[in-house]
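As a plain string of letters, each chain reads:
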Amino acid sequence: MKNRIITLTFIFFLLTSFLLCQIKKDDLISEKERRRLASKPKISITSLLNGNYFNKLDTYVTDQIPFRDEFKTIKGNTLKKTMFMKENNGIYEKDNILYQIDTKVNVKSIRHLLDKINYIDKTYLTSQNKYFVYIPDKNYYLNDEKIPKIEYNTIEGNLKNGLPSNYKWIDIKNNLDLSSYYRTDIHWSQDKIIGVANNICENMVLSKLESYYTSKEYYPFYGALYSKTVTSIKPDKITYLDSDIIRNTKVYNYEKKGYEKVYKESNLNNIDSYDIFLSGATALLTLENNSNTSGKELIMFRDSFGSSLAPLLIEKYSKITMVDLRYIGSKYLESVLNLSGNEDVLFIYSNVIINNSFTLK
């Protein structure tokens, strides 16, 4: 009798799911998983014979099954509460915050990054003022001896020893804490890095930020770590800071060959809402602030963390050129950078890139 009830329940579940799949409109993306979902496959004789149709159909049904997110949440909570699992796919959850576990220092990666910096320094840079900022991940601020951490001192020591001697190291660790980062993502929240920006300004012999900022918010934001695990924690809220200077700053995108705004709010609907900041991953951008007539210029070699920092620094410069070496080769910079020797040059990289820098060209 018991087996009969289980079998009937399972059949009922399958039939109900099938009927709901026919009724409900297909979802295009999964915000929680930050990816596009499979669409209904087209049937053909060839796809039936080689089995591709059934493979695609299986993926489609799995992606579009009703209450998919709810089932994943139930599964995750079951594993945590019955099997006491704290880690899943390299993601650790503690006190409603997600952490990406990374414990091994990749010395070769650090050397690769330093080789790039030294090559750029010798090939293109002359009398500029040069600075370096190391951004630790949020695990640095996690106070839990049970969770293994990477050796941050080893990373910092290797960087300091390998940088050209005329580079000034700007230490920002004391300007950050656990609340500076998104709970479901690796990035810092822009409204929590005013202290970072002021520290950088002070070390660059600039005055503190003077702009009056208004806060704008977007919810929900499911960060990159959210998509890698099963969790029931609430999504983040993106806060972006606006000002008269930021609104009037023109951003030239060399890939799109046109001007854009600092904050393109339509990007909040992208798979990654963090693209609100300077349109996300881009090889080369120029921020032009016509309200600053000093002619002062900053060249920023950066990763995605720099996208939310540059809008705060723009008030101090007439122009900021942002270079992402993941998308443009260092050998081709001569054709895009018109250097006078009077610029400030800032290399700013997060722990994520420093320990896996082989994406830099």
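Rules and cut-offs
- Residues numbered from 1 in each chain as written.
- Predicted model: local features only at pLDDT ≥ 70, side-chain atom pairs only at ≥ 80, totals over all residues.
- Heavy atoms only, no water.
- Helix = DSSP H or I, 4+ residues; strand = E, 2+ residues; numbered from the N terminus.
- Buried < 20%, exposed > 50% of the residue type's maximum accessible area, 1.4 Å probe, protein only.
- Contact = heavy atoms within 4.5 Å.
- Areas by Shrake-Rupley, 256 points an atom, 1.4 Å probe, with all protein chains shown as cover.
- Polar contact = N/O pair within 3.5 Å; in protein donor to acceptor, adjacent residues only side chain to side chain.
- 1 Å grid on protein atoms, 1.4 Å probe; cavity = no way out; pocket = protein on both sides within 12 Å on 5 of 7 lines; lining within 4 Å.
- Points joined across faces, edges and corners; volume = space filled by probe spheres on them.
- Axes fitted to C-alpha atoms, helices over the stretch in contact; angles between N-to-C directions.
- Parallel < 35°, antiparallel > 145°, perpendicular 65-115°, else oblique.
- Left-handed = near helix turned anticlockwise from the far one by under 90°.
- Nonpolar A, V, L, I, M, F, W, Y, C, P; charged D, E, K, R; others polar.
- Pairing = 2+ DSSP bridges.
- Right-handed = clockwise from strand over helix to strand, strands pointing away.
- Core = buried A, V, L, I, M, F, W, Y, C linked by side-chain atoms within 4.5 Å.
- Salt bridge = Lys/Arg side-chain N within 4 Å of Asp/Glu carboxyl O.

Engineer: Explain the overall build of the protein chain to me, using residue names and the numbers behind them.
Structural biologist: Secondary structure assignment for the protein chain yields ten helices and 15 strands. When the 361 residues of the protein chain are sorted by exposure, 49% land in the buried category. The contacts in the protein chain between residues at least 6 apart in sequence include a share of 73% that link residues at least 24 apart. When the accessible surface of the protein chain is totalled, it reaches about 19200 Å², and 52% of it is carbon and sulfur.

Engineer: Could you give an account of the environment of E217, with specific residues and numbers?
Structural biologist: Note that E217 resides in strand β8 (residues 214–221). Judged by relative accessible area, which is 52%, E217 ranks as exposed. Taking the C-alpha atoms as reference, E217 lies 4.5 Å from T239; in sequence the two are 22 residues apart. Sequence-distant contacts of E217, defined by excluding residues within four places in its chain, comprise K237, I238, T239 and Y240. A polar contact of 3.4 Å, which involves the side chain of E217, links it to the side chain of K237.

Engineer: An account of the layout of surface pockets is requested, with residue identities and associated values reported.
Structural biologist: If you add up the space inside the largest pocket, you get close to 340 Å³. In terms of lining, the largest pocket is formed by 23 residues, of which the most central are I186, H187, D272, S304 and R326.

Engineer: Please set out the packing of helix α5 (residues 107–124) against helix α6 (residues 152–162) residue by residue, giving values where relevant.
Structural biologist: The relative placement of two packed helices comes down to the angle between their axes together with the axis-to-axis distance. Look at α5 against α6: their axes get within 10 Å of each other, and the N-to-C directions meet at 30°. Taken together, the axes of α5 and α6 lie roughly parallel to each other. Classified by chirality, the crossing of α6 by α5 is right-handed. In this structure, α5 contributes V107, I110, L113, L114 and N118 to the contact, and α6 contributes I155, N158, L159 and G162. In terms of residue class, the contact of α5 with α6 is made up of six nonpolar, three polar and no charged.

Engineer: Describe the pairing of strand β6 (residues 129–135), naming the residues involved and giving the relevant values.
Structural biologist: Within β6, six of the seven residues are buried, which leaves it mostly tucked inside the rest of the structure. Relative to strand β7 (residues 167–170), β6 is paired through four bridges, and the arrangement is parallel. Its bridge partner lying in β7, K130 is registered against Y167. Crossover connection from β6 via α6 to parallel β7: handedness right-handed.

Engineer: For the side chain of Q128, give the residues involved together with the corresponding values.
Structural biologist: With respect to the helices and strands, the residue Q128 is situated in the loop between α5 and β6. The contact partners of Q128, leaving out residues within four places of it in the chain, are L339, G341, E343 and V345.

Engineer: Describe the nonpolar core, listing the residues and the values that go with them.
Structural biologist: The biggest cluster of nonpolar side chains holds 48 residues, and the ones touching the most others in it are W188, L287, M300 and L309. If we ignore the near neighbours within four places in the chain, the residues touching M300 are G306, L309, A310, L313, T321, M322, V323, L346 and I348.

Engineer: Any details on the sheet that holds strand β10 (residues 250–253)? Residues and values, ideally.
Structural biologist: With mixed pairing, the eight strands of this open sheet are ordered in space as β7-β6-β15-β13-β14-β12-β10-β11. Looking at strand neighbours, the two that pair on one side only are β7 and β11 (258–260), the edges of this open sheet. Looking at each pair of strands side by side, their axes are set apart by 25° on average, direction ignored. Packed on one face of the sheet, α6 meets β6 and β7 and runs near 165° to β6. With respect to the sheet, helix α9 (residues 306–313) is in contact with β12 (284–288), β13 (297–302), β14 (319–323) and β15 (344–350), its orientation differing from that of β13 by roughly 170°.

Engineer: Describe in detail the side chain of N292, supporting the description with residues and values.
Structural biologist: Its place among the elements puts N292 in the loop between β12 and β13. Within the local environment of N292, its side chain forms a polar contact with the side chain of S294, the two groups lying 2.6 Å apart.

Engineer: Outline unusual backbone geometry, listing residues and values.
Structural biologist: Y219 connects to P220 through a cis peptide bond whose omega is 5°. Inspection of the secondary structure assignment puts P220 in strand β8. Here D95, not a glycine, exhibits a phi torsion of approximately 55°, which is positive. Relative to the helices and strands, D95 resides in the loop between β4 (91–94) and β5 (97–100). Even without being a glycine, N96 presents a positive backbone phi close to 65°. Within the secondary structure, N96 is located in the loop between β4 and β5. Residue N96 is classed as partly exposed on the basis of its relative accessible area, which comes to 47%.

Engineer: I'd like to hear about α9, residue by residue, with values.
Structural biologist: Of all eight residues in α9, eight are buried; the element is thus mostly enclosed. Taken together, the buried positions of α9 are occupied by G306, S307, S308, L309, A310, P311, L312 and L313.

Engineer: Run through the pattern of salt bridges, naming residues and quoting values.
Structural biologist: Going through the model one piece at a time under the given rule, you end up with 17 salt bridges. Here K296 and D344 are joined by a salt bridge, their closest N and O atoms 3.5 Å apart. Pair noted here: K296 is in the loop between β12 and β13 and D344 is in strand β15, with a separation of 48 residues, a long-range link. Under the relative-accessibility criterion, K296 is labelled partly exposed at 27%. Overall, D344 belongs to the buried group, its relative accessible area being 1%.

Any link to function would need more than the numbers given here.
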